[in-house]
Each structure stands twice: as structure tokens, then as C-alpha cells.
Amino acid sequence: MASNRLKYSLMQKLFIVLLSLLSINIFAQAPAGGRPSGTGQSMNIGRFYGRIMDAKTNKSIEASSVQLTQAVMDTAIKTRKTKIISGQLTKSNGDFSLEGLPLRGAFTLKVTAIGYITLEKQVKFDLGPNGNDFSKIMSNADVDLGNIKLEVDAKQLEEIKVVGTKPFMQMGVDRKIFNVEKNIVSTGQTASELMKNIPGVDVDIDGNVSLRNASPTIFVDGRPTNLSLDQIPSDAIQSVELITNPSAKFDASGGMSGIINIVLKKNRKAGYNGNLRLGIDSRLMPNFGGDINIKQDKINVFASSMYNKRKSIGEGQSIREEFFAYPSISYDQTNNPKSLGFFNYNRAGLDYFIDNRNTLTISGSMVLGEFNNEDQLSIKTDTLFNTGTKSILSQRETSSGFNFSNLGSAIGFKHLFSKKGMELTADLNYNNSNNKSNGGFQTQYYDLQKVPKGSLINQKQNGEGGNSLYTLQTDFTNPLGESSKMELGLRAAIRDFQSENLNYIYNIALNQYIPITSINANYKFNDKVFAVYGTYGNVIGKKTNYQLGLRAESSKYTGTLLTNGKSFGNSYPLSLFPSLNFTHQIDQSQDLQFSYSRKINRPSFFQILPFVDYTDSLNISRGNPDLIPEFTNSIELNYQKTFKGNNSLLISAYYKQTDNLMTRFQVKEPSTIPGKDILVNTYINANSSQAYGLEMTSRNPLAKWLELTTNLNFFNSSINSSNLQVDLSNSLFSLFGKANANIKLPANFTLQLAYDFRSKSILPQNNYSGGMGGGMSGGRSGGSGMGGGNWGGFQQTSAQGYVKPNYGFEFALKKDFLKEKRGSLTLSMNDMFKTKVYGSYSSSQYFTQTNSRRRDWQVFRLNFSYRFGKVDATLFKRKNTRSGMDGMQEGMQMQQQP
């Protein structure tokens, strides 16, 4: 323990020293400035900027004249003549920025100043042979010309490739990018529903997301978040990025299947633009909201607000048989949960472009919500004696409320050096969540003739909790040559969590509620992770590049059970995580990619807390303080082919090996009642697990009016738990697939059809489905069983089991209208044929259980959207601030006249 504390202390000190050095570098190297993006749907989105300097003294030259001209054909006289496209005088620090430029054609950049030799330079935006470089459109339309020194030739201008329209799917170097603005099925819903239409992503009935049958880490704008997917409106999302095998640049902890990064909408086009939305569903639940972006000179302001009212309805059945003791018992439960509530999402921020090379970004968010739930559970319990069966019925009515708030803030700084590709970024994120809950539970037992047995049992539950997350990160990128690049970074993440859960039962004799202390769970914990990483990339020949990476992480986890003051925790002073990436371009239409990474999954506070939780009497649980982390080695091979007509195919083969897998396990222990035993669910390290598969994703524009996106994932998941029980292993081949068809119809109509299918697959081991409460009530241990039914089921508790096959269809029909198609009306429907049934089966040497659940089928949604805006670089500019620019612009206007 003393050695571990020493290592952890040294890691903390190393992190603080490196962070201080990079923080000093931020202020030492950053004089000021910004870099707006400049991309948009219009082709007049190009931007050149830079700084004019004296070649000998390196001092900035104020009031230099910078002009951009283009040779155009004069149809009247049928000869070419020079037309001024843009121009301005440099500022006191020598900066200039030419915006709103057309992307086609060749240009001449002309710089003049009194006492200096005039400099002329040919520049152009090269769209390439086919103009299909979608992934870099944002950065390539926004070009830094560097420090232009008069009397000295400047660097040659970077060639730029720009395309105006983004497809639904794009391939990045290490990720798949889905531009969800083209997805109309999930309009007016949440990120949880949106994920159901992302190829390769699976979402269960409780909103839990899996990627390749494992739980990913969820990021928002590249950083971890406390927000759940059902707290993020789908209309606020610009794109979703799937990073299936993250490099050393990303967190090593959690996310055994990778990272899902949600990129929120933000526009930096000069002028203003926005969107207003209004919708309603077939349950008469409204949603409305809007967003706006305003950019003028050095300031870009963005804001959005959305309100969504939701009503959710479910049904389910659970059957369980226990045979670990005499007499054996079976349970048959049906329930019909309902939920009614709302959430309100608000976000605002600004980018301040200090100068051409320095940008400061500040943003904040606030999410509020409240939901009221009710459920009716009917349970039949059969006790099987040698002489016959004894049955009893119970009816439970539950009502509960839950409200939450989430406040987030972020500040980021970006500095671009004059050296091409060299940049420094730093950001600080803070996120705070709070929630409160209450519930009432009434249980009545009956015989088979529906005659009440005993008195009505009244119980209630009150809870509250808070969660704060602080993240500090800085990254430095330095091109070492024309083809090599180095990246360095530091990161600190600190989380504080506290929860209080109080349970009561009504005492008729005392005429009051009294606490049930045995099932109260009050605790707090603190989690700290410090990390440093470095990557180096280079090119072999002309078609092969590689990247080597190494990440070091130190973590410490401490928690306290407030009911008795006991403390528990774990500490992992130093762990190393290498990564390797290769990319080879076979030809202009084919690429090969290979990647390797090592990841860690550390035990959580809940998994190591040795507190017995009796909340659900059929699923008594207890943590295991002896758990150790699980380590995963992951390799992936990708082949990408682009065919004629913009058809593309991506084939991915992957393999993951995990040692010391943390899995659920059941042990039989004596009950407090003499002569009776109970089952306790806990966590334990199994030998290992592995997953391998072949995933294919294709995009096929079959006709001008039809585009098809298809994803198929054929995989095997297996768990080796023979160290726990001789025959306790599980292996299964499965198939998961999605298809999305976009059909352009006459009169500006668009039809979108979506289909997904999942075959029988192994139960995920670390994907807890929280739902609306506990599980089945009643039971042999005599606990309270206070729960809401979990949308028709209860927690699976065995390493052996599977998820049953399911499939579903969705559709959306969109009509664009008004001038420039600014208005749109969308009608959508989910689970069209009521086929989306979530079923599962699990078993052990003590029991078998089966779940069947359904939620929110055949819901219609009608949504209206109106887009507005004006691209205008002089918006809000007062005439008396134009000064010396007036004469130049008047001259430009005269020369532009035919």
C-alpha cells in the first residue's frame, strides 16, 4: 500500500509539472486571434487570412493594401478582364482576413505598402479531379497564409479541396462520421432515438447503447458528459462519430467497444442563421425549440433551446423459476408501466477570434426535467411441495416522481502558430447534475379466488443525489517535417458523486411510516484520473502512413458508505496503454487501415462496495472489494473501396481479448431465517472473454432519387468463467444489421425507410439496465422488493444467457416548401408493425428467468421546421467604423461593373 501511494503521488506531481509547463506555453506563445471555420452550404465560403510583416525587422506593417483579384470573361466585349473579388487594409498588428470568397477559379493576391516592393501571388481553391474530399471541408475552406513578408517570397499556398454537400456517412482517419441532419426519422426526439438509426449502434428498451455488443463511452463535443442520451435533443446534433478502436490520445478507461462522440450544431458563417421547430405526437405531446448563430468580425454567438414533453407506455412479462432449495418456487409477473414528463435543453456560447491565430470559446448548458411514473404489477407465486402446489397472488401499484437538473460550462483556447499545422489547445469543462426522486408502493396479497390475505402494505421511498465532473485537458500538435507529426497532451478528470436513498414502511399500530434501514443506501465517492499521452506519425513512401502512441494513466477511487462510515476504494498508480495505426492507400479508390490499442476497465464504487442491498428481494446484491481491473487488447483491420457513382464499401474485421472480465455471479448463502438460503448477486473476475467479427457498411446511390445505407455485423462473443464454475462458459455467433433508404419523390417530398434486425446474442456483461426501478417483488427472502417493474422486467444476473432476436421498421416523410426550401414538414412513425419486442433468457445452477418487454410502439410524430438567415460579413457594422475601407470598397464596386 505504501508503494502504491508513493507511485500515485509521483504521478500526480509529474502531471502538475507538465501541466504547468504547457500552461506557461499557452500564454507565452499566444499573442491573440481566431480562426473561424467558414464552411457552409454556399460555395462562397472561402477565406484567406494572414499577417503582413517586414522581411528584415519582422515587425507588422499597418495599413497595407491586400487585394484578391480574378480574371473573368466580359461577355459584352468578349475579352477577359480583372475583377476585384475582395480587399482590405491590414490592422495595426498586420492582420488581414478576406471572407466570403468563391471556391472556383484562380486568384491573384496583391499586397502593397508605401516603401515596400509590391508582392503578387497566384492562389486558388483546387477542388481536385472529382471533388469528393468530404471529411476536411471545414478546415480546407479556411486557409492561413501565414506571415507574408514583403520583399521575400512567401510559402506556397496550401491546395484546397472543397465539396458543397455532405453525405450521410463519411470516413475519417480513425472514425466513421454520420451527418444526422440527413436523418429525418428521429426528428423531434432525443439522442437515444437517434442512435437507433446509426449503423452499427444498438439501443435497448431502457436506452442503453451498445457498439459491437459492448458498452461504449459517450462524449459530447469530444469530452465526457454527465448527460444521458435521453436528455439531449436529436435536433441539437450535427453529427455522430463512431471511434471503434481509439488511439492513445483518448481515455484508456471504460468504453470497451470504443467511443461515440456527439457533435452539437454550431455555425460560423458570417451573418446570422437559425432554425425554429414545432411538433406534436399521436399522444398529444408537444415539442418546440430553436437555435441561432450570429457572427460578425471577431465574435460568433450561438444559442439553442428546446422543450420536449413525453409520454411513455410499456408492457412486459417476466417468468422465473428457483430450484436451489426445497420447496422450489416459480414467479409469473406482468406489468404495464407509464411515464409522463418533460425535459428542457438550453445551450449558449461564443467564439472570440482574438486575431487570426487565437480563438477563445466559452459555452454553457442547462438541462431540466421532471417525470412521473406509475405501474401496476400482477404476480403469481407458485411454491412446489412434494404434496402439491401452493399459489398466491399479489397486486402492486406504484407511483413515483423524478426530477433532475444539469449545468455545464466550458472554456477553450486555441492557438495556431505560423508554422503550418502547428497548434496548441487547452480547455476546462465543468458539469454538475442533481436529482430528486420519491415513490409510493402499495401491495396486496390474494388467494386464487382473489380474496385478500392480510393487510395492505404501504411503502415509500425518497432519494436525492449529485454528480460533479471536472475535466482539464491540453493538447499540442507539432509537424516535424513535411510528412511527420508529433502530438502531446495532458488530461485530468475528477468526479464527485453522492447519493441518498431512504425507504419506509407504514406501521398501522403507530399510524406512521418507519424507516427500513436494512435497505437504505447512502454513499459518496470521488474518482480521479490523471493522464499524459504522446503520438508520433510519419509516412513510408508515398502511400503508407503510421502513428505510434503511448498513454500513461493514474487513477484513485475512494468511497464512503454514509450509513456506517465505512470507506472503500482502489488505486492504480500507473498503467501504460500503447496504440498503433497504419493506413495504406492502394490506389485512389482503395485504402487499408490497421489499428491496435490497449484499454482498461476499472471496478466502480458500486461493484466493490460490500454492502448488501435488499431493495429487490429477488435480486439481492453486494459488491466485491477484491475485484481487479480488466484489460482489453483490441485489433482492427479496415478495407475501404470507392466505386463509380459515389458507391462505397467499408469492411472491418475486429478482435478483442479481455482478461479478468468483471462479470455478475450468484452465490448461495444462509438467510437470517434459520433453515433458509438466499441468492446474492455479486461481481467477480472471470478468466477472460473475447469478441471477434466482420462488419460491412455500404453507401449506394442507386439512382438520382434513391440512396441506400446498409450495415451488417456478424460477430461471436464468448465468456470463459471456468474459474468460477466448471461448466460456466458462454459463446454465441450473432448477426446485427441496419438498412436506411432515402427516396426523393416529386414535389420536394423525401421518404426515409429504416430497418434494423438483431439475432440471438449473448448477454452483455457490463451493461446494467436501470429502467424505472427494481425488479419483481415478493420473494422468499422477505425483503421489500420496492421497485417499479423496470419496464416489464428485472436485472439479468448470470454470465449464462442470451438476448432473443428482434426487429423493427420506421418511416418518415418530409415535405420541403417556401422560398429556398426554408420550411419543412416531417411525419414519422416508429415500430410500424409492432414487432420490436425485447426478450432475454438467463440461467444458472440455481434458477432460470425469461423477460419479454415492449415500449412505445407505433407512435406518430408531426414536426415543422423553418430555417432563416443571411450570410453578410458587414452585418451590424456601423458606417462610421469603416474609415479607410470606404474608399477601397467604392473603387472595388466601380471595377466590378461590366
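You'll find the structure just up there.
Described in the following lines is the structure provided in the data block. As the structure is a computational prediction, the values presented were derived from the model and not from experiment.

Things to note about the nonpolar core
Membership of the largest hydrophobic core comes to 29 residues, with the highest contact counts inside it found for Met195, Val201, Ile237, Val240 and Ile262. Mapped by element, the contributors of at least two residues to this core are α3 (191-195), β10 (201-203), β11 (209-211), β14 (237-243), β15 (259-264), β20 (338-355) and β21 (358-385). Residue contacts for Met195: discarding those within four places in its chain leaves Val201, Val203, Leu229, Val240, Ile260, Ile262 and Lys738. One finds Val66, Leu109, Val123 and Ile148 within the second-largest nonpolar core, a separate group that totals 22 residues.

Looking at the pattern of salt bridges
In the structure shown here, the tally under the stated rule is 27 salt bridges. In this structure, Arg175 and Glu241 form a salt bridge, with 2.7 Å as the shortest nitrogen-oxygen distance. One end of the pair, Arg175, is in the loop between β8 (169-171) and β9 (176-178); the other, Glu241, is in strand β14, with 66 residues separating them in the sequence. By relative accessible area, Glu241 is classed as buried at 12%. The closest approach of N and O atoms between Glu695 and Arg212, which form a salt bridge, is 2.7 Å.

Section: the packing of aromatic side chains
Counted under the stated rule, the structure contains 19 aromatic pairs. Aromatic ring contacts, followed pair by pair, group Phe497, Tyr523, Phe525 and Tyr557 into a single cluster. A cation over a ring is seen here: Arg47 above Tyr49, with NZ or CZ 4.2 Å from the ring centre. Lying across the ring of Phe847, Arg320 places its NZ or CZ 4.6 Å from the centre.

Here we look at the sheet that holds strand β5 (residues 106-112)
Taking strand neighbours across the sheet as the criterion, the four strands line up as β3-β2-β5-β6 in an open arrangement whose pairing is antiparallel. Single-partner strands in this sheet number two, and they are β3 (79-89) and β6 (119-124). Adjacent strand axes in the sheet meet at a mean angle of 25° when their direction is disregarded. Judged from the 10 bridges that link them, strand β2 (residues 65-74) and β3 form a sheet pairing that is antiparallel. If you follow Leu68 over to β3, its bridge partner there is Ser86.

Let's talk about the sheet that holds strand β35 (residues 677-685)
A sheet is described by the order of its strands in space; here three strands give the open sequence β31-β35-β34, paired in mixed fashion. Of all the strands in the sheet, just β31 (620-621) and β34 (662-670) have a single pairing partner and so form its edges. One ladder, built from two bridges, connects β31 with β35; its direction is parallel. Each bridged residue has a counterpart across the sheet, and for Ser621 the counterpart in β35 is Asn681.

What counts as what
Residues numbered from 1 in each chain as written. Predicted model: local features only at pLDDT ≥ 70, side-chain atom pairs only at ≥ 80, totals over all residues. Heavy atoms only, no water. Core = buried A, V, L, I, M, F, W, Y, C linked by side-chain atoms within 4.5 Å. Buried < 20%, exposed > 50% of the residue type's maximum accessible area, 1.4 Å probe, protein only. Helix = DSSP H or I, 4+ residues; strand = E, 2+ residues; numbered from the N terminus. Contact = heavy atoms within 4.5 Å. Salt bridge = Lys/Arg side-chain N within 4 Å of Asp/Glu carboxyl O. Phe/Tyr/Trp six-rings, centres within 6.5 Å; stacked < 30°, edge-to-face > 60°. Lys NZ or Arg CZ within 6 Å of the ring centre and 35° of its normal. Pairing = 2+ DSSP bridges. Axes fitted to C-alpha atoms, helices over the stretch in contact; angles between N-to-C directions.

On their own, these measurements won't tell you what the molecule is for.
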